[in-house]
Amino acid sequence: MLNNGDSLLWSFDKKLYLIGDNATDSGVLTDDTKLTLVDANNNDKTYHSTASYAKFNKTTGELDLTNISGYKPVTMNDVLLRYASVTAKESSDGTLVEADEATATVKTSDGKYYRPAGENETGTYKITVSANSDTPKNDNDEMIISENYYLTISIPENEGSKKVIKNFVNYYSGNKPRKLNGNIPTNLVQVTNNDTGAYVIANFFTQLVSVTAHDPEEITASNNFVRATMTSKISIDQSLRDTFNGYKSDDFNMYQAFKFSMKNFDENDAGANAKIIAGTSVNVDYSILNSSDTELSNAKISKTETLSEAKDSYMLMYPDSVYDYINSDTKGSITVKADISLTYGTAGIIDQFPERKDGDTKTGIGVNASSYVAYSQNNIENSSISESGGMPARRYYRKAMTVAQLNYNVAESTVLESKDSPFSQLGINAKDMTTEEMAITANAIYDLSALSRSTKDSGKKIQYTMRLYVKDNSGDYKQTNDISKYLSSFTLENATSSSGLNGKECVFTTAYNGEEQNTAVTKFTVKTGKAFEEQGLTYANYRVELTAVLLNDNNSVVNGTTASDYVVYTNAKIETGFINS
């Protein structure tokens, strides 16, 4: 056929005829009726419109889907290419030549177009069609191909809306009455020379959705999970139950899914949508209860997965059709229940949950869910049969925590920068020294290996801050107000200083390029002896504390990167000789 010049570059009409429960009642869609069309032949692309914009004809009941904004029907050629390979091979006895789209009759799998060759045209081709290995065939080994669309019609409930709407699609199938195969409730009405599929669209089902968030709210390394329970009570209108069962197809299915989502609230209770981060371990336990709230033993299903990428929301779809459970219940009602648990590593806790400070009762992550019901698994997220639960008041948060580590110490060595002292760098005895200063070198290793990749990527600089503390008579360490009284210098190699010694802290910054460890060498000179005493300072133990953080582009601290450690030196004046009595 294709080599004879028959064209495949055409499309079937896409027209529906919508009438009310009475055959004479055709104007059944109000102007603000919402239409959602999913084209399963084009990567499930979705189109939205209203009955008014789609030019629904209230006199004839005709709805032409090609009037939905942006939608362009696929050609039979496009449908064929989903099921088979179409190739062109140059041949002396070929009947086709290459062409542009406007004059072509067929398109091959490589995107080229062909048309029938004119008289005396050369460079001719033959077309070959080869079915894919998974393409269905009939008893005559002929391919079975199909177009698939999903249309959701959401009709506002008001005085003008109809209780039941029938949707007729005319097509040729012989004179045998039979039910259509499909996912929408259908039945056939016998019409002269044609079969007509009758689609019933009505408010058959109601949903009552609840979401419960469980304790505890504070997320820690040991309590590293969030648990929530979602329920959807799905009921069929008992007055329409027989109507629905009369029109649905024998292989009718109905599916239910929860869309679980998170929202991040700040201390002022302002909320913003939050992604569920990559690396989160998700476990879901499904169960179904009948109208007496008795759990059905044959309907329990569990699912576990680890998210490979961050998600705006998480779809939890019960994998089997739920309609048989509804229809077999005496009251036509079931409750689908899903218990979800999200588990995090320490780095994940820092990425997912905001820090709550003392006195703050608002900051945290809230959870919520919506329930969707649809006649097709592919179209469930676009279903108009949906209901949202109320967001629980519970907020999940963390206190200040870090996965970064800092190791700050003085290397064991007998080679001292102050050559006049025979003692350890951390033990200073003014009595035995000929100078009034002692130089100390301490090394810091800032370990970022446990941070998530996204946290590392957000860091641009490392900031080191030194503070000095003195031990008082009660044994407590108190921060000094002027470091320069105790130290004559403090430096950090290959870093930029942004403060001097005349204050409570010394601040340095150094570049960060995503490495897992950063080594910092600090050198400071301790005052002792006469100059130290003349200021009225105390011989005691002193603690040098170093704190490291990652800074982002805005010079703000990156969550989870704060780490501190310290060294202690003793500044003393001790008589080490023997005392004669």
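Residues numbered from 1 in each chain as written. Predicted model: local features only at pLDDT ≥ 70, side-chain atom pairs only at ≥ 80, totals over all residues. Heavy atoms only, no water.

Participant: Just checking my understanding: could you explain the environment of N77 for this structure?
Facilitator: Relative to the helices and strands, N77 resides in helix α1 (residues 76-83). Accessibility expressed as a relative area gives 0% for N77, which makes it buried. On a C-alpha basis, the gap between N77 and K107 in space is 6.7 Å, while along the polypeptide they are 30 residues apart. Ignoring anything within four residues of it in the chain, the contact list for N77 reads L8, L9, T105, V106 and K107. (Helix = DSSP H or I, 4+ residues; strand = E, 2+ residues; numbered from the N terminus. Buried < 20%, exposed > 50% of the residue type's maximum accessible area, 1.4 Å probe, protein only. Contact = heavy atoms within 4.5 Å.)

Participant: Would you take a moment to explain the nonpolar core for this structure?
Facilitator: Burial of nonpolar side chains together is a common tendency in soluble globular proteins. By size, the foremost hydrophobic cluster in this structure holds 48 residues, and its most contacted members are F205, M254, F260 and I340. Those elements giving two or more residues to this core turn out to be β14 (205-213), β15 (225-236), β16 (255-265), β18 (281-289), β20 (314-317), α3 (323-328), β21 (333-343) and β22 (364-374). Ranked by size, the runner-up nonpolar core spans 42 residues in total, among them Y464, M466, L550 and A563. (Core = buried A, V, L, I, M, F, W, Y, C linked by side-chain atoms within 4.5 Å.)

Participant: Where do I start with the confidence of the model for the protein in this structure?
Facilitator: Low pLDDT marks regions whose predicted coordinates should not be analysed in detail. Counting all residues, the mean pLDDT for the protein is 84, and 85% of those residues have values of 70 or more. The low-confidence segment residues 170-199, where pLDDT is below 50, has 88 contacts with residues more than four positions distant or belonging to other chains. Below pLDDT 50 for its whole length, residues 414-424 participates in 17 contacts with residues either more than four positions away or in separate chains. (pLDDT = per-residue confidence, 0-100.)

Participant: Even after reading the chapter, I still don't get the sheet that holds strand β32 (residues 517-527), so can you show me in this structure?
Facilitator: The sheet built from 4 strands is open, its strands ordered β24-β26-β32-β29 with antiparallel pairing. Since the sheet does not close on itself, it has two edges, and those belong to β24 (405-409) and β29 (487-492), each with one partner. Looking at each pair of strands side by side, their axes are set apart by 15 degrees on average, direction ignored. Bridge count for β24 against strand β26 (residues 437-447) is 5 bridges, and the pairing is antiparallel. Within β26, the position partnered with N409 by the bridge is N443. (Pairing = 2+ DSSP bridges. Axes fitted to C-alpha atoms, helices over the stretch in contact; angles between N-to-C directions.)

Participant: Teacher, can you tell me more about the packing of aromatic side chains here?
Facilitator: When we look at a pair of aromatic rings, we describe it by the centre distance and by the angle of the planes. One pass over the full model with this rule turns up 19 aromatic pairs. Ring centres of F490 and F508 lie 5.9 Å apart, and the angle between their planes is 40 degrees; this geometry places the pair in the tilted category. Taken together, the residues span a long stretch of sequence, with F490 in strand β29 and F508 in strand β31 (residues 505-511) at a distance of 18 residues. Per residue, the accessibility class of F490 equals that of F508, and both read buried. Each ring, one from Y542 and one from Y569, has its centre 5.4 Å from the other, and the planes form 10 degrees; the classification is stacked. Remark: Y569 occurs in strand β34 (residues 563-572) and Y542 occurs in strand β33 (residues 540-551); sequence separation between them is 27 residues. Y569 carries the same exposure label as Y542, and that label is buried. (Phe/Tyr/Trp six-rings, centres within 6.5 Å; stacked < 30°, edge-to-face > 60°.)

Participant: Help me understand the sheet that holds strand β10 (residues 149-154), please; the structure alone is not making it clear to me.
Facilitator: Backbone hydrogen bonds are what pair the strands of a sheet, in a parallel or an antiparallel way. With respect to topology, 3 strands assemble into an open sheet ordered β3-β2-β10, the strand pairing being antiparallel. Taken across any chain shown, the strands that pair with only one partner, and hence form the sheet edges, are β3 (45-50) and β10. For this sheet, the mean angle separating the axes of adjacent strands, direction not counted, is 15 degrees. Pairing of strand β2 (residues 34-39) with β3, which is carried by 6 bridges, proceeds in the antiparallel orientation. From the neighbouring strand, L37 faces β3, where its bridge partner is Y47.

Participant: I would appreciate a short explanation of the pattern of salt bridges in the present structure.
Facilitator: Pairs may arise between side chains of opposite charge once their charged atoms sit close together. Scanning the entire structure with this criterion turns up 20 salt bridges. The partner of K107 in a salt bridge is D78, with the nearest N and O atoms 3.4 Å apart. You can see K107 sitting in strand β7 (residues 106-107) and its partner D78 sitting in helix α1, a full 29 residues away along the chain. Among the salt bridges present, the one from K126 reaches D93, with a minimum N-O distance of 3.1 Å. Here K126, found in strand β9 (residues 125-131), pairs with D93, found in the loop between β5 (84-90) and β6 (96-99); they are 33 residues apart in sequence, far enough to count as distant. The exposure class assigned to D93 is partly exposed, which follows from its relative accessible area of 46%. Counted as one network, the salt bridges with shared partners bring together D215, E217 and R394. (Salt bridge = Lys/Arg side-chain N within 4 Å of Asp/Glu carboxyl O.)

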